[in-house]
Amino acid sequence: MNSKIEKDKSKYKKIIIAIIAVFLILSGSMSVVKGDIHRIKNKIIDLHEYSGM
């Protein structure tokens, strides 16, 4: 009886860890994408400034 409860707890722990990992990966990739967008915007602005000169 007690071992079954322990197994369920470990199963839930694994599910929670998986959800947290997915969330961290998603939020990390989102911040990377935002950084890329800013970098691309800066490059476009630089190109416009160069062409303006």
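Notes on the structure follow. Remember, predicted model here, so these are calculated numbers, not experimental data.

**Regarding the overall build of the chain**
Looking only at helices and strands, the chain features one helix and zero strands. A compact globule built from 53 residues would reach a C-alpha radius of gyration of about 10 Å, whereas the chain, at 23 Å, exceeds it by more than 25%. The dimensions of the chain, computed from C-alpha atoms along their principal axes, are 80 × 5 × 5 Å. Each of the 53 residues in the chain was classed as buried or not, and the buried ones make up 0%. A total accessible area of about 5300 Å² is found for the chain, and carbon and sulfur atoms account for 71% of it. Seen as two clouds, the 10 positive and the 5 negative side-chain charges of the chain have centres 13 Å apart.

**Thoughts on the pattern of salt bridges**
All told, the structure shown has one salt bridge when counted by the stated rule. Arg39 serves as the salt-bridge partner of Asp36, at 3.1 Å between the closest nitrogen and oxygen. Within this pair, Asp36 and its partner Arg39 are both found in helix H1 (residues 2-52), separated by three residues, close to a single helical turn. A relative accessible area of 30% means that Asp36 is categorised as partly exposed.

**Section: the environment of Leu47**
In this fold, Leu47 is placed in helix H1. Sequence separation between Leu47 and Gly28 is 19 residues; the distance between their C-alpha atoms is 29 Å.

**What to know about a nonpolar patch on the surface**
On the surface, Tyr12, Ile15, Ile16, Ile19, Ile20, Phe23 and Leu24 cluster together to form a nonpolar patch covering roughly 760 Å² of accessible area. Considering the arrangement of structural elements, one finds Ile20 in helix H1.

What counts as what
- Per-chain numbering applies: the sequence of each chain, read as written, is numbered from 1 onward.
- Thresholds applied to this predicted model are a pLDDT of at least 70 for local features of residues and 80 or more for the giving and counting of side-chain atom pairs; totals over whole chains, interfaces and linings are not thresholded and use all residues.
- To obtain the side-chain values, all non-hydrogen atoms of the structure were used and water was disregarded.
- The secondary structure listing takes helices from DSSP runs of H or I that are at least 4 residues long and strands from runs of E that are at least 2 residues long, numbered from the N terminus.
- Here the globule rule reads 2.2 Å times residues to the power 0.38, and the radius of gyration is calculated from C-alpha atoms.
- Residue exposure (1.4 Å probe, protein chains only): buried if accessible area is under 20% of the type maximum, exposed if over 50%, otherwise partly exposed.
- In these tables, accessible area is a Shrake-Rupley quantity obtained with a 1.4 Å probe, and a residue counts as shielded only by the protein chains included in the view.
- When charges are counted, neither His nor the chain ends are considered; positive counts come from Lys and Arg and negative counts from Asp and Glu.
- A single reference atom marks each charge: NZ on Lys, CZ on Arg, CG on Asp, CD on Glu.
- The salt bridge definition used is simple: a Lys or Arg side-chain nitrogen within 4 Å of an Asp or Glu carboxyl oxygen.
- Candidate patch residues must exceed 30% relative accessible area and have no salt bridge, after which like charges are joined if within 9 Å and Val, Leu, Ile, Met, Phe, Trp or Tyr side chains if within 5 Å.

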